[in-house]
Amino acid sequence: MPDTSGALPPGSTIGILGGGQLGRMLAMAAARLGLKTHIYCPEAGCTAAQVADATTIAAYDDEAALQAFAAAVDVVTYEFENVPTDTAALLARHVPVRPGARALAVAQDRLAEKSFMGNLGIKTAPFADVTGPADLAAALDEIGTPAILKTRRLGYDGKGQARINDKAAAFDAWDAVKHQASILEGFVNFEAEISVIVARGIDGTTAAYDPARNDHENHILSLSTVPSGYSNEIEAKARALAEKIAAELDYVGVMGVELFVVADTQDLVVNEIAPRVHNSGHWTLEGCTVSQFEQHMRAVAGWPLGSPERHSDAQMTNLIGDDVDAWLEMAAEPNTGLHLYGKGDARPGRKMGHITRITPMTTG
Ligand code: AMP
């Protein structure tokens, strides 16, 4: 039996920083285990608050609110990676914060993240630190074109990025990233993007789900498909990489690891990690007995991890903007899980829900 002597009993309260759909689905999974949730988010009316036991609406630097939150919960976790490190540090003085400060620091900064992978001998795109136009010119000499300039912090869904096809475009790219500290990444000629959702418990046990193959539209995840279509050997390599990263970070919780499969060689290159449940793991709600959301709750509450085995093939489609208008037709589909996030306004680009279609297992 794994050592989970520190397990929080049912009735305990999990504090969650962030109030989006990931927090919402975490709260729903917690409820199934008899755990309570308390959402902390800066915006009123957040979607996670609709299904949580308690909500604090306050800024991430509101020390009094953070202290009251820490006193009201048994453990703190988060549903997005840009929680200020000072917020996490303040909370950690009062209550366990899982995953811990190291995972946050590495995942928040693309330079730290790439350097961390390099130190572990894990492949990434070639990269260089860029603090100004002179660095950028030198980095372009070293890395060549095409390349991608990415802000070190706060980029997501392709935001804070500029592609550079030739050196003449360097100044435009520097303007596009608003002169923020950045890295220049060499272009990876990939044939597919895959991701592994990995969990690690407080006793160091790990459990990795089958990799998903991910397709994007307008830089936003559109489809995740499992099985990925890659061989057992490549899938095992991807899972092993994710487990190694989690162990090295002394991670507790669920993490998403995004990888490129390089064309021709089929080498695996880590693109980025997300220290939280991940959009490309939503399929686990229908495809596995224990979803990524329940797994995260189990890990942060110090419970034994569930099996990551899947029992079905699955394809998850994000419902972006007005895709959600077809909810009634989708609700009538067989073997399909429909998830609507309870958000009001279906603005273009906004994740309004997702749908997972399952079919009997073809491999595995
Ligand atoms: P990111 O925000 O780093 O996940 O990048 C967003 C998307 O841009 C990725 O999902 C890829 O499709 C593409 N991309 C990012 N970095 C690279 C790279 N070094 N080479 C090729 N494509 C990339």
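Rules behind the numbers
- Each chain carries its own residue numbering, running from 1 in the written order of its sequence.
- Per-residue local features are limited, in this predicted model, to residues with pLDDT of at least 70; the limit for side-chain atom pairs, both in listing and counting, is 80 or more; totals at the level of whole chains, interfaces and linings are taken over all residues.
- To obtain the side-chain values, all non-hydrogen atoms of the structure were used and water was disregarded.
- Any Lys or Arg side-chain nitrogen located within 4 Å of an Asp or Glu carboxyl oxygen qualifies as a salt bridge.
- In this text, helices come from DSSP runs of H or I with a minimum length of four residues, and strands from runs of E with a minimum of two, each type numbered from the N-terminal end.
- With a 1.4 Å probe rolled over the protein chains alone, any residue whose accessible area is under 20% of its type maximum counts as buried; one over 50% counts as exposed, and the rest are partly exposed.
- We call a residue near a given molecule or strand whenever any one of its heavy atoms falls within 4 Å of it.
- A 3.5 Å cut-off defines polar contacts: any pair of N or O atoms within that distance qualifies, except that in protein one atom must be a possible hydrogen donor and the other a possible acceptor, and neighbouring residues in sequence count only when both atoms are side-chain atoms.
- Surface accessibility in these figures is a Shrake-Rupley result with a 1.4 Å probe; residues are shielded only by whichever protein chains are displayed.
- Put simply, Ala, Val, Leu, Ile, Met, Phe, Trp, Tyr, Cys and Pro go in the nonpolar bin, Asp, Glu, Lys and Arg in the charged bin, and everything else, Gly too, in the polar bin.
- As annotated, the domain borders come from an automatic or database domain assignment.
- When DSSP finds at least two bridges between two strands, those strands are taken to pair.
- Look down the strands so they point away from you; if the path from the first strand over the helix to the second goes clockwise, the crossover is right-handed.
- By construction, the arc corresponds to the directions joining the helix axis to the C-beta atoms.
- Throughout, a residue-residue contact means that at least one pair of heavy atoms, one from each residue, lies within 4.5 Å.
- Lines fitted to C-alpha atoms define the axes here, with helix axes fitted over just the stretch in contact, and angles between the N-to-C directions of these axes take values from 0 to 180 degrees.

> Before we move on, can you summarise the pattern of salt bridges with the specific residues and values?
All chains considered together, the criterion is met by 16 salt bridges. Arg 152 is the partner of Asp 109 in a salt bridge, and the nearest nitrogen-oxygen pair spans 2.6 Å. Taken as a pair, Asp 109 in the loop between α4 (101-108) and α5 (110-119) and Arg 152 in the loop between β6 (147-151) and β7 (161-164) lie far apart in primary sequence, 43 residues in all. Its relative accessible area of 6% is what places Asp 109 among the buried residues. Connected through shared salt-bridge partners, Asp 210, Arg 239, Arg 310 and Asp 313 make up one network.

> Account for the site of the ligand, naming residues and giving values.
The environment of the ligand is made up of 16 residues, and the closest members are Lys 150, Gln 161, Glu 185, Val 188 and Glu 193. The side chain of Gln 161 places a nitrogen or oxygen atom 2.7 Å from an oxygen atom of the ligand. Interatomic distance of 2.6 Å between a side-chain N/O atom of Glu 193 and an oxygen atom of the ligand. Compared with its free state, where it exposes 480 Å², the ligand has 90% of that area covered by protein. Residue composition of the shell around the ligand, grouped by class: 6 nonpolar, 4 polar and 6 charged. When we break the shell around the ligand down by domain, the ones giving at least three residues each are domain 2 (126-186) and domain 3 (190-360).

> An account of the pairing of strand β1 (residues 13-17) is needed here, citing residue identities and associated values.
Buried residues dominate β1, accounting for 5 of its 5 residues. Burial along β1 is two-sided: the residues Thr 13, Gly 15 and Leu 17 and Ile 14 and Ile 16 are all buried. One ladder, built from 5 bridges, connects β1 with strand β2 (residues 36-41); its direction is parallel. The partner of Thr 13 across the bridge, within β2, is Lys 36. With helix α1 (residues 21-32) bridging β1 and the parallel β2, this β-α-β connection has right-handed handedness. Relative to strand β4 (residues 75-78), β1 runs parallel, the two being bridged by 4 bridges. Paired with Ile 14 across the strands is Val 75, a residue of β4.

> So what about helix α2 (residues 63-72)? Which residues, and what values?
Buried within α2 are the following residues: Ala 65, Leu 66, Phe 69 and Ala 70. The arc that holds every buried residue of α2, seen down its axis, measures 135 degrees, which confines them to one face. Facing away from the buried side of α2, by more than 90 degrees, are the exposed residues Glu 63, Ala 64 and Ala 71. The secondary structure elements touched by the buried residues of α2 are β1, β2, β3 (54-57), β4 and α3 (85-92).

> Provide a residue-level description of the sheet that holds β7, including the pertinent values.
Reading across the sheet, the 4 strands line up as β5-β8-β6-β7 and stay open at both edges, with antiparallel pairing between neighbours. With one partner strand each, in any of the chains shown, β5 (127-130) and β7 form the two edges of the open sheet. Sheet twist, expressed as the average angle between the axes of neighbouring strands with direction ignored, equals 20 degrees. The pairing of β6 with strand β8 (residues 182-186) spans 5 bridges and is classified as antiparallel. The residue of β8 that forms the bridge with Ile 148 is Glu 185. With respect to the sheet, helix α6 (residues 133-143) is in contact with β5, β6, β7 and β8, its orientation differing from that of β5 by roughly 170 degrees.

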